[in-house]
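# Geometric and topological summary
So the chains spell out like this:
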Amino acid sequence: MHFPVNSRAVRPINSLPNNSAARQRRLPRSVSPLKNPTSEYPAKTSVRHATAACLLYLLLHLAAHLSARWFEVVEGVSLWYPPCGLALVLLLLLGPRAAPVVFAANTLGAIITPGISHWWDPWLFPLLITAVVTAVAAIVRRLHGPILLPGGTRETVLFAVVTVGTPALLALPGTALAVALDLTPAQRYLETAIRWWVGDASGVLTILPIASVLAAPWLGLRPTADIRQSWTGGELAELAGRMLVLSACLAGTFVLDPRSDYSAFFLCFLPLVWISVRHGLPGATAATLVLTMGSLIGLHLTEAATPQVVSFLIFEVTVAVVGLGIGVTVSRRDAAETRVLASEARLERVLNGAQLGLWDWDIPTGRVTYNNRCAEMLEVDLARLGGVEPSWQEFAHPADRPRLSTALADHLAGRSALYEIDFRVRASSGTWRWIHARGSVVARDAAGAPLTVSGTHLDVTDRLSAEAEARRLMQIIEVTTDFVLTTDLDGRIVHANAAFLRFLARPSLASLRGRMIDEIIPTDTLRVLHDQAIPAALLARSWLGETTLRAPSGDPLPVSLVVILHHGGVDDRELLSYTMRDLSQQKATEAEKVAQERRLQQLQRNESLGVLAGGVAHEFNNLLTTVLGNANLARLDLPETAPQNELLEQVEAAATRAGELCQLLLAYAGRSTLAFTDVDLTGLVEDTRDLLLVSAGRHIDVRFDLTRPLPLVHAAHPQIQQVLMNLVVNAAQAIGERPGHIVVSTRLEHLNIQVLSSRALTQSLTPGDYVILEVRDDGPGIAPEARARIFEPFFTTKFTGQGLGLPAAHGIVRSHEGAIEVLTDEGRGSTFRIYLPAMPTHVSAASSGKPPAGTPVHRGLVLVVDDEPGVRRTATRLIQSLGYETIGAANGEEGLEQFRHSADRLRAVLLDLTMPRMDGETAFAEMRKIRPAVPVVMMSGYSERLTPERYKANPPAAFLPKPFDRQALQAVLDGVVR
């Protein structure tokens, strides 16, 4: 506007806009996008920034007001007056609250202007300027926002209207006021109004774009990332070069045709567009500033007339709209591209973070595209995946391909809202991976047919493996025989496995879930849990111990208990799991182990007793041999009518009886022969009748109920005899000192499966014929508590008993593949029944006992080797009585030496087995090496050492057990000497 100071001159307050377009830095493609001017803005700028903006405005207003005088083309007329643009920008950015600052700045500018003639001059025009600019700014802020730049149609029109219309709203009433106050002639109204309008319009066009680009972000009205804050050296050089080209074009317009309506100004459009396209909004702002300021300088230097100034203003508006519009468009395009790239990068990061593979199927062409993640899942190059639809399915497991095709067909046909399936693919390494495919139709044609299907692939191998592992563990928990129970920390039941439900006789988990643990756990076990297990588990996360459960029937069950603290459930709450294992079998096994150890100790004790008994019997047999042999020799020297013969016969009978007792003692001690022969049980009982009567005692009546004939049994005669003796002795001890009866019977019985079952013998015997040896007494019977232990070694209910008889009998019968049945009632006696398998033939006729055919020759030399002098002398005299010559040796070495010297003359050798320095077996082996034809008779007090099984490879000629008499010795020698 013009502010008249007197009637002759008008001092310019406003200025005309100039067609200067300053180049501005171009937004890079990496910056964030430029937002729409109507998008969100801070509701309020900070007080600190607003204050700084107001102070900066005051300084710029005064500087621009003073510098505008340089652009005067005539007295009082300025081509460029920027204070109007500065006021408009400040009010747009800060709102009406900045109006007092604008008023103060205009007032101060009027005061410092020379030529004030009235007191109201500094107040009237500033008030008009402030009112108009404030109203325009308020309307623009309401319609568009605080930042005004060309761009779209609406923005461009509004920008043009504001930049041209605001100066007009100031110029027209301002000039009228000046005329009314007689500050300017009325005939110059139009000229004055146009110059005022031109000056203010050039100022608005100069200030508004550059301030909107630079000042708005500083005030927080636009994100600072919208405008680049730094430039590289190359970018500055590029911008400077383009600005030089633009300046050269501008200078050329004044050189070529400075006074022809400035049509040559349009030569500057080419570099303007070039800069705007290349550098966007910052470049367009800088270019319009350069064009405006350069044109103003040129117009001032050429002293342009009013028509030229008006033409320049039209050009300047065109330059601003075109340049800034291109710049805004380019910046928004760059921002959009940057936003797309950033979005794509963000999407790629999200996909990489989520490990998702993307696929897109163009149905009309059949081409499927994938991203890198899909290729990584298969460990192949991405190029290998490109192609038509089957490219991915080629990698699918053959068993899954039909499901893939069906699921995809159902989705394309509209039968499913989503294509979703899990399937296996084979990676290049040969491993199978599980893929979760998910997608849907994203584009259809006008008829609704699917055109494009897009989706994702997710490698779910680890998840499915974890789920399979969880299912496997759950299956193990459900099928295990251990009891598993899970509760929360309050004791509320969460889970119980099938074994525990069966133990509690519960139909299902639903009957337990939610109930308290104290409803199913005994009180004493709960005390262990609360006092020991749970506190320890809460501290160390586990506890191990033992406790007792109670079944619904009330029976206690010992169990091991493991308590574990862990997290579980959707809410990740802490739970307690109890794993309990039935220890009843283990406890029974441990008890059995203890019992076995006790039995082993008892057997070892029995073995020691057997060794002792065997040693005693052996020595006793040697003594009996001397007694029996000397009695035989004494009778040979007496006539048959001598009264001493009766005495010697009694000695012989007693010695023979003592020898039999030694054999029983050896059998009892386990030192008797184990050779099995065909045995007639009835005959065995009859042969042992006298011993049984003596063992039972005179106050007990022993009866015999024997069956003839009976099938033979394959047995060790001494051991069966020992069993019989033990049973009779046991019966006699049960009867005690009172009179009683014992019945010994034998019989044959066929046992079928029904009979075996009824007698509880199915585990020991099989159906067939069995010879039964039975011993029955009328004693007090056996108490129930002792019944289960009668076959345990050293167990006895008798004060004088040793507890070895029945265990020995039981072991012998079992070794004969038989069984013992015990029938007893307390107070009614006991029956012991022995079952032995019967052989298919019956007892044959008794052998005649005659010696083998052939007449023995009783002459020659016989070697007697024995370490017992009495046995050696007795045997020597008995052999000599038979007509043989004898030589003797006290041990194996002497016997072997005698054998070497006399081997050619020897007819036989009697060799004792047990001797010092060299035993009989070693001596016998050496004799065989020297002269194997000489018969060797082995003799010993241990009958078990005279079994043929010991000498299978090199048997002796005969065996002669001690004690022996002259008749037994003659029978052996007659059998080996011919």
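This report concerns the structure included in the present document. (Residues numbered from 1 in each chain as written. Predicted model: local features only at pLDDT ≥ 70, side-chain atom pairs only at ≥ 80, totals over all residues. Heavy atoms only, no water.)

### Some words on the overall build of the protein
Of the regular secondary structure elements, the protein holds 28 helices and 27 strands. Taking all 978 residues of the protein together, the buried fraction comes to 47%. (Helix = DSSP H or I, 4+ residues; strand = E, 2+ residues; numbered from the N terminus. Buried < 20%, exposed > 50% of the residue type's maximum accessible area, 1.4 Å probe, protein only.)

### Examining the packing of helix α2 (residues 83–94) against helix α6 (residues 189–218)
Two numbers describe how α2 lies on α6: the axes approach to 7 Å, and their chain directions differ by 40 degrees. Comparing the axis directions of α2 and α6 gives the class oblique. Between α2 and α6 lies a crossing whose hand is right-handed. Contacts from C84, G85, L86, L88, V89, L92 and L93 of α2 reach α6 at D200, G203, V204, I207, L208, A211, A215 and A216. Its residues assigned to classes, the contact of α2 with α6 comprises 12 nonpolar, two polar and one charged. (Axes fitted to C-alpha atoms, helices over the stretch in contact; angles between N-to-C directions. Parallel < 35°, antiparallel > 145°, perpendicular 65-115°, else oblique. Left-handed = near helix turned anticlockwise from the far one by under 90°. Contact = heavy atoms within 4.5 Å. Nonpolar A, V, L, I, M, F, W, Y, C, P; charged D, E, K, R; others polar.)

### Details of the sheet that holds strand β12 (residues 493–496)
Spatially, the five strands line up as an open sheet ordered β12-β11-β15-β14-β13, and their pairing is antiparallel. The sheet is open, and its two borders are formed by β12 and β13 (542–550), each paired with just one other strand. Strand-to-strand, the axes of this sheet are offset by a mean angle of 25 degrees, without reference to chain direction. The pairing of strand β11 (residues 483–488) with strand β15 (residues 573–582) spans six bridges and is antiparallel. Looking at the pairing, D488 lines up with L575 of β15. Set on the sheet, helix α16 (residues 523–540) makes contact with β13, β14 (556–568) and β15; between it and β13 the angle comes to about 165 degrees. (Pairing = 2+ DSSP bridges.)

### Digging into unusual backbone geometry
Following R708, the chain continues to P709 via a peptide bond in cis, the omega torsion being -10 degrees. Mapped onto the elements, P709 comes out in the loop between β17 (700–705) and β18 (713–715). Residues K962 and P963 are joined by a peptide bond in cis, for which omega reads -5 degrees. Position of P963 relative to the elements: it lies in the loop between β27 (958–961) and α28 (966–976).

### Observations regarding the pattern of salt bridges
Taken as a whole, this structure holds 25 salt bridges when the rule is applied. Two residues, E420 and R438, come together in a salt bridge whose shortest N-O distance is 2.9 Å. Of this pair, E420 sits in strand β8 (residues 419–426) while R438 is found in strand β9 (residues 432–444), placing the two residues 18 residues apart along the sequence. The exposure class assigned to R438 is partly exposed, which follows from its relative accessible area of 40%. Overlapping salt bridges, with partners in common, bring together R747, E749, E774, R776, E821 and R833 in one network. (Salt bridge = Lys/Arg side-chain N within 4 Å of Asp/Glu carboxyl O.)

### With respect to the environment of R928
Following the sequence through the fold, R928 ends up in helix α27 (residues 920–930). Sequence separation between R928 and P956 is 28 residues, and the spatial gap between their C-alpha atoms is 9.3 Å. Once residues within four sequence positions are removed from consideration, R928 is found in contact with N954, P955, P956 and A957. Polar contacts involving the side chain of R928 include one to the main-chain carbonyl oxygen of P955, which spans 3.0 Å. (Polar contact = N/O pair within 3.5 Å; in protein donor to acceptor, adjacent residues only side chain to side chain.)

### Notes on the nonpolar core
Judged by nonpolar contacts, the single largest core of 46 residues is most densely connected at Y57, L88, L90 and L94. The set of elements that each furnish at least two residues to this core consists of α1 (47–67), α2, α3 (99–111), α4 (121–143), α5 (153–180) and α6. Take this core: its biggest share by element is 10 residues, from α2. Each residue touching L88, except ones within four places of it in the same chain, is listed here: V133, V136, A137, V162, T166 and V204. Counting residues in hydrophobic clusters, the runner-up holds 36 residues, among them V679, V685, F832 and I834. (Core = buried A, V, L, I, M, F, W, Y, C linked by side-chain atoms within 4.5 Å.)

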